[in-house]
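The chain contents come next:
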Amino acid sequence: MAKYSNESSKKVEKAMEEMKEGKLKSGKSGKKVNDPKQAIAIGLSEARSEGAKVPVKAASKKKSASKK
């Protein structure tokens, strides 16, 4: 498990509480967040923007078609 700073942990905790209360909304679309993983991502993103110690985002895994 990655080690986060106290500040980033608090941001994630706050995002989770907002999600449970139904107050957490996603970025551009403004839709209500229901997924805990998305709430964690939002909390880490907010912490990252404030300069807290948060690991770098993982690159998405793309499947490439094998050439024969």
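Residues numbered from 1 in each chain as written. Predicted model: local features only at pLDDT ≥ 70, side-chain atom pairs only at ≥ 80, totals over all residues. Heavy atoms only, no water.

**Considerations on the nonpolar core**
We apply this condition: Among buried residues, the Ala, Val, Leu, Ile, Met, Phe, Trp, Tyr and Cys ones that are joined through side-chain atoms within 4.5 Å form a nonpolar core. Partly exposed describes any residue whose relative accessible area lies between the buried limit of under 20% and the exposed limit of over 50%, with all areas from a 1.4 Å probe on protein chains only and scaled to the type maximum. Think of it this way: any DSSP run of H or I at least four residues long counts as a helix, any run of E at least two long counts as a strand, and we number them from the N terminus.
If you look at the biggest cluster of nonpolar residues, it comprises 12 residues: Val12, Ala15, Met16, Met19, Leu24, Val33, Ala39, Ile42, Leu44, Ala47, Ala52 and Val54. Elements with a contribution of two residues or more to this core: α1 (6-21) and α2 (36-49).

**Here we look at the environment of Ser49**
Quick note on the threshold: Whenever a nitrogen or oxygen atom comes within 3.5 Å of another N or O atom, the pair is scored as a polar contact, on the condition that within protein one atom can donate a hydrogen and the other can accept it, and that pairs from neighbouring residues in sequence are kept only if both atoms are in side chains.
Among the structural elements, Ser49 can be located in helix α2. On the basis of relative accessible area, Ser49 is assigned to the exposed category, the value being 63%. Among the polar contacts listed, one links the side chain of Ser49 to the backbone oxygen of Glu46, at a separation of 2.7 Å.

**Considering the side chain of Ser26**
Just so we agree on the cut-off: Any two residues having at least one pair of non-hydrogen atoms within 4.5 Å are treated as being in contact.
Within the secondary structure, Ser26 is located in the loop between α1 and α2. Relative accessible area serves as the criterion here: at 15%, Ser26 is assigned to the buried category. Excluding its chain neighbours within four sequence positions, the residues that come into contact with Ser26 are Lys31, Val33 and Gln38.

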